[in-house]
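# Topology and contacts: notes
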Amino acid sequence: MVDHLTPVQRLKFDTMGIQDVSSNSSTGKGLHRFAVLTACCTWLLIIAGALVTGNEAGLAVPDWPLSYGSLMPPMVGGIIYEHGHRMIATTVGLLTVMLVTWLWRKEPRPSVRLLGLFALGAVVAQGILGGMTVLFFLPTVISVAHGCLAQAFFCMAVSLAWVTSAQWKSSGPIMEDPDRCPLRRLGILTMASVYGQLILGAYLRHSKSGILLHVAGALIVSLLAIWVFVRVTGRYPNVSGLRRPAVLLISLLSLQLFLGIGSYWIRAITRDAVQPERLAVVITTAHVAVGALVLAVCLILTLQASRLLTVPVKAPGYTPTPQNVTS
């Protein structure tokens, strides 16, 4: 099965599954687990932010950075959502500072340390935008920017968790991706469309308009996700590092479409309600949460494609044949 490989590719194939020495150390494992914790808390922060918007509690606490002039105001009414959101945001900020410090002390890869710095800058900017949404009474532009930066920071946190994992550090086979649109390029395109869709969703939630654009965006995302799924399952069915995120992507997208329809329907029938209905809040919050997961899975799939696949250099008259190798 490996006779067709070059010596370098054969060496990578022979060492498949053998982890880097650093990934076996307690420091490497601890760093990865801490990065996973930071990513998970970031996802919870996105959910908390969606609950603030869903419950229309953005101005339940009218001052910032304190809450009614104190660190812990009475947790009643909308204050529960708004101040709870701030508490989780503070926790994520502290986790990010600790993670970046750990990276710069123990991580040998400059690119990973640099990504940590970008994440730190993003979380600081995110906190400032969060304060501005309150001080300027929830302007749509700032509120949408706040939501979009949250998703971008989540991507950074997920990336740090993934590239510090043993799976990423382990040696693996390098396969050729002979298609005119390589999988990693298709993954980037899909990820960009999902992020654009999240921007449209944030605009829809904060401005109560733009539903047609959001529906059109959902169609584009669906077509690209199906393209990715068909490409992976058809060309790399035995590559678990690609197959699993592709299956997860199409599963989460199906759930997301269902939640999107439910969110629009419940909002339509409760639009005259004095206060947001609990079911509407639950469905719209789940829609935001699953949307973030769809983006994260697209990111992981793209990272995996960049790790496992190479675009061959096509010589005149050369027709490459893709190899299905278990990974």
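Residues numbered from 1 in each chain as written. Predicted model: local features only at pLDDT ≥ 70, side-chain atom pairs only at ≥ 80, totals over all residues. Heavy atoms only, no water.

Our next topic: helix H5 (residues 110–135). In this model H5 runs 38 Å from its N-terminal to its C-terminal C-alpha over 26 residues, within 8% of the 38 Å that 1.5 Å per residue would give. Of the positions making up H5, those classed as buried are Val112, Arg113, Gly116, Ala119, Ala122, Val123, Gln126, Leu129, Gly130, Gly131, Thr133 and Val134. Directly after H5, the chain includes phenylalanine 137, whose backbone phi takes a positive value near 60°. (Helix = DSSP H or I, 4+ residues; strand = E, 2+ residues; numbered from the N terminus. Expected span 1.5 Å × (residues − 1). Buried < 20%, exposed > 50% of the residue type's maximum accessible area, 1.4 Å probe, protein only.)

Bringing the packing of aromatic side chains into the picture now. Counted according to the given criterion, the structure contains one aromatic pair. If you follow arginine 113 out to its NZ or CZ, it ends over the ring of tryptophan 104, 5.0 Å from the centre. (Phe/Tyr/Trp six-rings, centres within 6.5 Å; stacked < 30°, edge-to-face > 60°. Lys NZ or Arg CZ within 6 Å of the ring centre and 35° of its normal.)

Below, the discussion takes up the side chain of glutamine 197. Note on placement: glutamine 197 falls in helix H8 (residues 183–207). Those residues in contact with glutamine 197, other than ones at most four positions away along the chain, are Leu213, His214, Gly217, Ala218 and Val221. (Contact = heavy atoms within 4.5 Å.)

Our next topic: a nonpolar patch on the surface. Together, Leu66, Leu71, Met72, Met75, Ile80, Tyr81 and Met87 make up an exposed nonpolar region whose accessible area comes to about 640 Å². Relative to the assigned elements, tyrosine 81 resides in helix H4 (residues 79–106). (Patch = residues over 30% accessible without salt bridge, like charges linked within 9 Å, V, L, I, M, F, W, Y side chains within 5 Å. Areas by Shrake-Rupley, 256 points an atom, 1.4 Å probe, with all protein chains shown as cover. Salt bridge = Lys/Arg side-chain N within 4 Å of Asp/Glu carboxyl O.)

On to the side chain of glutamine 151, then. Considering the arrangement of structural elements, one finds glutamine 151 in helix H6 (residues 140–163). Its relative accessible area of 6% is what places glutamine 151 among the buried residues. Every residue in contact with glutamine 151, bar those within four places of it in the chain, is listed here: Ile46, Tyr195, Leu198, Ala292 and Leu295.

For any two helices packed against each other, one specifies the inter-axial angle together with the distance between the axes. One way to put it is that H8 packs onto helix H11 (residues 278–308) with a least axis distance of 8 Å and a crossing angle of 165°. Of the possible angle classes, the one that applies to H8 and H11 is roughly antiparallel. Two packed elements cross with a definite hand, and for H8 against H11 that hand is left-handed. Counting all contacts with H8, which are made through Leu183, Arg184, Gly187, Ile188, Thr190, Met191, Val194, Tyr195, Leu198 and Arg205, the residues of H11 involved are Val288, Gly291, Val294, Leu295, Cys298, Leu299, Thr302, Ala305 and Ser306. Here the residues of the contact of H8 with H11 are counted per class, giving 12 nonpolar, five polar and two charged. (Axes fitted to C-alpha atoms, helices over the stretch in contact; angles between N-to-C directions. Parallel < 35°, antiparallel > 145°, perpendicular 65-115°, else oblique. Left-handed = near helix turned anticlockwise from the far one by under 90°. Nonpolar A, V, L, I, M, F, W, Y, C, P; charged D, E, K, R; others polar.)

Let us now look at the confidence of the model for the protein chain. The share of residues in the protein chain with pLDDT of 70 or more is 86%, and the mean pLDDT across the chain is 85. Of the regions scoring below 50 in pLDDT, residues 1–5 engages in seven contacts with residues more than four places distant in sequence or in other chains. With pLDDT under 50 throughout, residues 322–327 is counted as low confidence; its partners more than four residues away or in other chains account for 26 contacts. (pLDDT = per-residue confidence, 0-100.)

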